[in-house]
Amino acid sequence: MNIGFILNSIFLGVGLAMDAFSVSVANGLNDPKMRRRRIAVIALVFAGFQAAMPMLGWVCVHNFVKYFNQFERFVPYIAFLLLLYIGGKMIVESIRGKDEEDGQNAEKLGWGDLIVQGVATSIDALSVGFTIEQYSAGMALVASAIIGAVTLVICVGGVYIGREFGNKFSKHAQILGGLILIGIGLEILISHFVGA
């Protein structure tokens, strides 16, 4: 392993973490009073998925290439549907909360929603298995760990940024967060069609 390998893995991590960063911002907007422990949990979930997916892709390339090629074309649609669901749910909950006028905080992000977000923002990282397929298992594992570490740092920053804006624009923050998630899903879908 050399410095080029480490830098390449870091840059790969930054590129892959951008969707997770945006979703982290949306989560911060959704819950402006989020505690540090919860921020760490969100970042760790996203980092875990971002680290696991390239490694899973590497395993697929080495063992199930023909099946992986068939699955890969559905990745953008799955990510879009998952983000559309979570974003739509956030918007509906925000509107309901305003209609009820009960003064309660936005509903906290549940484990199920967090897992769905983790999958949706990292599923495209499966294809990274193709770019690292020439690596040994050990190198692929190190690259995946670096990608996860980069994602962790970026997502912590994203939640803090979202939380700060959520405190300032609390009335519309949850709707904005939902729209961001839907926008990310649309961007993934449009990129697929443009790149096809």
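Residues numbered from 1 in each chain as written. Predicted model: local features only at pLDDT ≥ 70, side-chain atom pairs only at ≥ 80, totals over all residues. Heavy atoms only, no water.

1. Examining the overall build of the protein
- Looking only at helices and strands, one finds eight helices and zero strands in the protein.
- Going residue by residue from the N terminus, the α and β elements of the protein occur as α-α-α-α-α-α-α-α.
- Within the protein, residue pairs in contact and separated by at least 24 positions form 94% of the contacts whose partners lie at least 6 positions apart.
- Just so you have it, the protein exposes about 10200 Å², and 67% of that area is on carbon and sulfur atoms. (Helix = DSSP H or I, 4+ residues; strand = E, 2+ residues; numbered from the N terminus. Contact = heavy atoms within 4.5 Å. Areas by Shrake-Rupley, 256 points an atom, 1.4 Å probe, with all protein chains shown as cover.)

2. What to know about the environment of Asp19
- Counting through the fold element by element, Asp19 comes out in helix H1 (residues 3-30).
- Owing to a relative accessible area of 13%, Asp19 belongs among the buried residues under this scheme.
- Note: C-alpha distance between Asp19 and Ser122 (103 residues apart in sequence) is 8.0 Å.
- With near-sequence residues (within four places) excluded, Asp19 lies in contact with Thr121, Asp124, Ile184, Glu187 and Ile188. (Buried < 20%, exposed > 50% of the residue type's maximum accessible area, 1.4 Å probe, protein only.)

3. Considering helix H5 (residues 111-122)
- For H5, spanning twelve residues, the distance from its first C-alpha to its last is 16 Å, which sits close to the expected 16 Å at 1.5 Å a residue.
- The complete set of buried residues in H5 reads Asp113, Leu114, Gln117, Gly118, Ala120, Thr121 and Ser122. (Expected span 1.5 Å × (residues − 1).)

4. Some thoughts on the nonpolar core
- Residues Ile42, Phe46, Leu83, Tyr135 and Leu181 are the most contacted members of the largest nonpolar core, which totals 36 residues.
- Those elements giving two or more residues to this core turn out to be H1, helix H2 (36-63), helix H4 (75-100), H5, helix H7 (137-168) and helix H8 (170-195).
- Among the elements that take part in this core, H2 stands out by supplying eight residues, more than any other.
- Residues within four places of Phe46 in sequence aside, it is in contact with Ala20, Val23, Ser24, Asn27, Leu114, Gln117, Gly118, Thr121, Thr151 and Cys155. (Core = buried A, V, L, I, M, F, W, Y, C linked by side-chain atoms within 4.5 Å.)

5. Here's the deal with the side chain of Gln117
- Along the polypeptide, Gln117 turns up in helix H5.
- Among all residues touching Gln117, those that are not within four sequence positions of it are Val23, Asn27, Phe46, Ile86, Leu109 and Leu181.

6. Digging into the packing of aromatic side chains
- With the rule as written, the count across this model stands at two aromatic pairs.
- Look at Phe5 and Tyr135: their rings are 5.2 Å apart centre to centre, the planes differ by 65 degrees, and that puts the pair in the edge-to-face class. Separated by 130 residues along the polypeptide, Phe5 in helix H1 and Tyr135 in the loop between helix H6 (128-131) and H7 bring together distant segments of the chain.
- Residue Phe5 is classed as buried on the basis of its relative accessible area of 6%. (Phe/Tyr/Trp six-rings, centres within 6.5 Å; stacked < 30°, edge-to-face > 60°.)

7. Looking at a nonpolar patch on the surface
- A surface patch of nonpolar side chains, about 610 Å² in accessible area, is lined by Ile3, Ile6, Leu7, Ile10, Phe11, Val14 and Met18.
- On the secondary structure map, Phe11 appears in helix H1.
- Taking the relative accessible area as the measure of exposure, Phe11 reaches 59% and is therefore exposed. (Patch = residues over 30% accessible without salt bridge, like charges linked within 9 Å, V, L, I, M, F, W, Y side chains within 5 Å. Salt bridge = Lys/Arg side-chain N within 4 Å of Asp/Glu carboxyl O.)

8. Some words on the confidence of the model for the protein
- For the protein, per-residue confidence averages 80 on the pLDDT scale, and 84% of positions sit at 70 or higher.
- Below pLDDT 50 for its whole length, residues 100-106 participates in four contacts with residues either more than four positions away or in separate chains. (pLDDT = per-residue confidence, 0-100.)

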